[in-house]
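Here is what each chain is made of, one letter per residue.
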Amino acid sequence: MDVDTRLLRYFVAVAEEGNLTRAAQRLYVSQPALTKQIRQLESQLGVLLFTRSRTGMALTEAGRTLAERAPGLLADWDRTLRETKGTASRAQHVLRVGFVASGANEATPRIVAEFARRRPGWRAEMRQAAWSNPSAGLADSEVDVALVRLPFPGQDALRVTPLFTEPRCVALATEHPLATREVIAFRELWDEPFVAAPPETGRWREYWLATDEREGHPVRIGAVTNQPDDWLSAIANGYGIALAPESAARFYARPGITYRPVSGVSPSQVAVAWAPADDPHPVVREFVHCCEELVGGGGDGER
């Protein structure tokens, strides 16, 4: 019998939380979707894994047996998958580098060039990730190292070194009444519809909606997008506004869209991230050192 590892991950989350609501929040899925997946797993195994009540989800005897073994199985599979993919790319002297949006901004080409200088014969293969994958491929072992924006789901399980910060600005349609302002207070944007990342991105979505800096004011969602082009189109067409890194004004300049500084929101932080299992790998360490030496320090601005 073959069981999807995704179903096992859902099972482990519910078993550890003992509550569907908390497990759904942890997994960034809806509660009905999670309930459906647990029932699918029970159907495949032919056993009842939980007893359900108003107070939560209690493991059955069969459920406890699976809960004891599943985390180890998943860890072994993740390690095997990472090592298999990593071995294949490194046999070709390719370092897979994931990035979200503009990566480390103007410093990205310098990092890649310096890595190539230090590692002759190696190539940094840059792979851009969709916004629904804010770990830039690290979470599913698609890359060896990544240039990411903090915070993102799953970052606590990775090695993360902050490199620099930059202010957040707001992107809005050029015809928007506030587009002529020099600086816009974030409080003035609270009632505006926002263009948001997909709900499954969790902390990433919440950060770019600045939910923690609204003093409890609810967010209005005007559109949900997963790619920069769709994001730009939604803003230009007036479906909503969006917070963005200051550098977006350079990397994503487009007719019909205006970028303005925003006061009252924290800055964006760029980091380099990798899996703990790759701590000893010299090529991964070399790339991380290039990032640290060229743009590192975690301070303000670009280096």
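Note that the structure is a prediction, hence the values are computed from the model and not measured.

## Digging into the confidence of the model for the chain
Part 1 of the reasoning: Overall, the prediction assigns the chain a mean pLDDT of 88, with 93% of residues at 70 or greater.
Part 2 of the reasoning: At the low end of the mean pLDDT range in the chain sits strand β14 (residues 299-300), at 45; at the high end sits strand β8 (residues 184-185), at 98.
Part 3 of the reasoning: For the stretch residues 298-303, pLDDT sits under 50, and the model shows 22 contacts to residues farther than four places along the chain or on other chains.

## Let's talk about the sheet that holds strand β12 (residues 257-263)
Part 1 of the reasoning: With mixed pairing, the four strands of this open sheet are ordered in space as β8-β12-β7-β11. Edge strands, defined here as strands with exactly one partner in the open sheet, are β8 and β11 (242-245).
Part 2 of the reasoning: Direction of pairing for β8 relative to β12: parallel, over a ladder of two bridges. Residue pairing for β12: Ile184 is matched across the bridge by Val262.

## Some points on empty space enclosed by the protein
Part 1 of the reasoning: In the structure shown here, the tally under the stated rule is one cavity of 30 Å³ or more.
Part 2 of the reasoning: Taken as a whole, the largest cavity holds about 300 Å³ of empty space.
Part 3 of the reasoning: Lining the largest cavity are 22 residues, with Trp131, Trp204, Trp208, Trp231 and Leu243 positioned closest to its centre.
Part 4 of the reasoning: Counting residues per element, the ones that place at least two in the lining of the largest cavity are β9 (193-196), α6 (203-208), β11 and α8 (248-251).
Part 5 of the reasoning: If one sorts the elements of the lining of the largest cavity by residue count, β11 sits on top with four residues.
Part 6 of the reasoning: Among the residues making up the lining of the largest cavity, the classes are represented as 17 nonpolar, three polar and two charged.

## Side note on the pairing of strand β13 (residues 268-274)
Part 1 of the reasoning: Of all seven residues making up β13, six are buried, and the element is well covered by its neighbours.
Part 2 of the reasoning: Where strand β5 (residues 145-150) meets β13, six bridges bridge the pair, whose relative direction is antiparallel. Among the inter-strand pairings, Val145 is bridged to a residue of β13, identified as Trp274.
Part 3 of the reasoning: Pairing between strand β6 (residues 159-166) and β13: seven bridges, direction antiparallel.

## Considerations on the side chain of Asn19
Part 1 of the reasoning: On the secondary structure map, Asn19 appears in the loop between α1 (5-17) and α2 (20-27).
Part 2 of the reasoning: A polar contact is formed between the side chain of Asn19 and the backbone nitrogen of Thr21, at a distance of 2.9 Å.

## Concerning helix α3 (residues 31-45)
Part 1 of the reasoning: Helix length check: α3, at 15 residues, gives a terminal C-alpha distance of 21 Å against a target of 21 Å (1.5 Å per residue), a fit within 8%.
Part 2 of the reasoning: For α3, the full list of buried residues reads Leu34, Thr35, Gln37, Ile38, Leu41 and Glu42. With its buried residues spanning 160 degrees around the axis, α3 presents them on a single face. Across α3 from its buried face, at more than 90 degrees, point the exposed residues Pro32, Lys36, Arg39 and Ser43.
Part 3 of the reasoning: Where α3 ends, the next residue or the one after it, Gly46, has phi of about 75 degrees, a positive value.

## Observations concerning the pairing of β9
The side chains of a regular strand alternate between both faces of the sheet.
Part 1 of the reasoning: Of the two faces of β9, the one holding Pro193 and Val195 and the one holding Phe194 and Ala196 are both buried throughout.
Part 2 of the reasoning: Judged from the four bridges that link them, β9 and strand β10 (residues 220-224) form a sheet pairing that is parallel. The partner of Ala196 across the bridge, within β10, is Val224.
Part 3 of the reasoning: For the crossover that starts at β9, traverses α6 and ends in the parallel β10, the hand is right-handed.

## Some remarks on the side chain of Arg96
Part 1 of the reasoning: Summarising the element assignment, Arg96 is placed in strand β3 (residues 94-100).
Part 2 of the reasoning: Side-chain polar atoms of Arg96 contact the backbone oxygen of Glu142, separated by 3.1 Å.

## Let's talk about the nonpolar core
Part 1 of the reasoning: Among the nonpolar cores identified, the biggest contains 48 residues, and Val148, Val170, Phe186, Leu189, Trp231, Leu243 and Tyr259 are the most heavily contacted of them.
Part 2 of the reasoning: The set of elements that each furnish at least two residues to this core consists of β5, β7 (168-173), β9, α6, α7 (228-236), β11, β12 and β13.
Part 3 of the reasoning: Those residues within four positions of Val148 in sequence are excluded, and the remaining contacts are Pro134, Ser135, Ala136, Gln269, Val270, Ala271 and Ala273.
Part 4 of the reasoning: By size, the runner-up hydrophobic cluster in this structure holds 23 residues, among which are Phe99, Ala104, Phe115 and Leu147.

## Here we look at the packing of aromatic side chains
Part 1 of the reasoning: Throughout the structure, instances matching the rule amount to six aromatic pairs.
Part 2 of the reasoning: Summarising the aromatic geometry, the rings of Phe11 and Phe50 are spaced 5.5 Å apart at their centres and angled 50 degrees between planes, so their arrangement reads as tilted. Taken together, the positions of Phe11 in helix α1 and Phe50 in strand β1 (residues 50-53) put the pair 39 residues apart, joining distant regions of the chain. In this pair, the class of Phe11 matches that of Phe50, namely buried.
Part 3 of the reasoning: Judged by centre distance (5.6 Å) and plane angle (85 degrees), the ring pair of Trp131 and Trp231 falls under edge-to-face. Of this pair, Trp131 sits in the loop between β4 (123-129) and β5 while Trp231 sits in helix α7, placing them 100 residues apart in sequence. The same class applies to Trp131 as to Trp231, namely buried.
Part 4 of the reasoning: One cation-aromatic arrangement involves Arg168 over Tyr207; the distance from NZ or CZ to the ring centre is 3.8 Å.
Part 5 of the reasoning: Arg168 extends its terminal NZ or CZ atom over the ring of Trp208, reaching a point 5.6 Å from the ring centre.

Cut-offs applied
Residues numbered from 1 in each chain as written. Predicted model: local features only at pLDDT ≥ 70, side-chain atom pairs only at ≥ 80, totals over all residues. Heavy atoms only, no water. pLDDT = per-residue confidence, 0-100. Helix = DSSP H or I, 4+ residues; strand = E, 2+ residues; numbered from the N terminus. Contact = heavy atoms within 4.5 Å. Pairing = 2+ DSSP bridges. 1 Å grid on protein atoms, 1.4 Å probe; cavity = no way out; pocket = protein on both sides within 12 Å on 5 of 7 lines; lining within 4 Å. Points joined across faces, edges and corners; volume = space filled by probe spheres on them. Nonpolar A, V, L, I, M, F, W, Y, C, P; charged D, E, K, R; others polar. Buried < 20%, exposed > 50% of the residue type's maximum accessible area, 1.4 Å probe, protein only. Polar contact = N/O pair within 3.5 Å; in protein donor to acceptor, adjacent residues only side chain to side chain. Expected span 1.5 Å × (residues − 1). Arc of directions from axis to C-beta. Right-handed = clockwise from strand over helix to strand, strands pointing away. Core = buried A, V, L, I, M, F, W, Y, C linked by side-chain atoms within 4.5 Å. Phe/Tyr/Trp six-rings, centres within 6.5 Å; stacked < 30°, edge-to-face > 60°. Lys NZ or Arg CZ within 6 Å of the ring centre and 35° of its normal.

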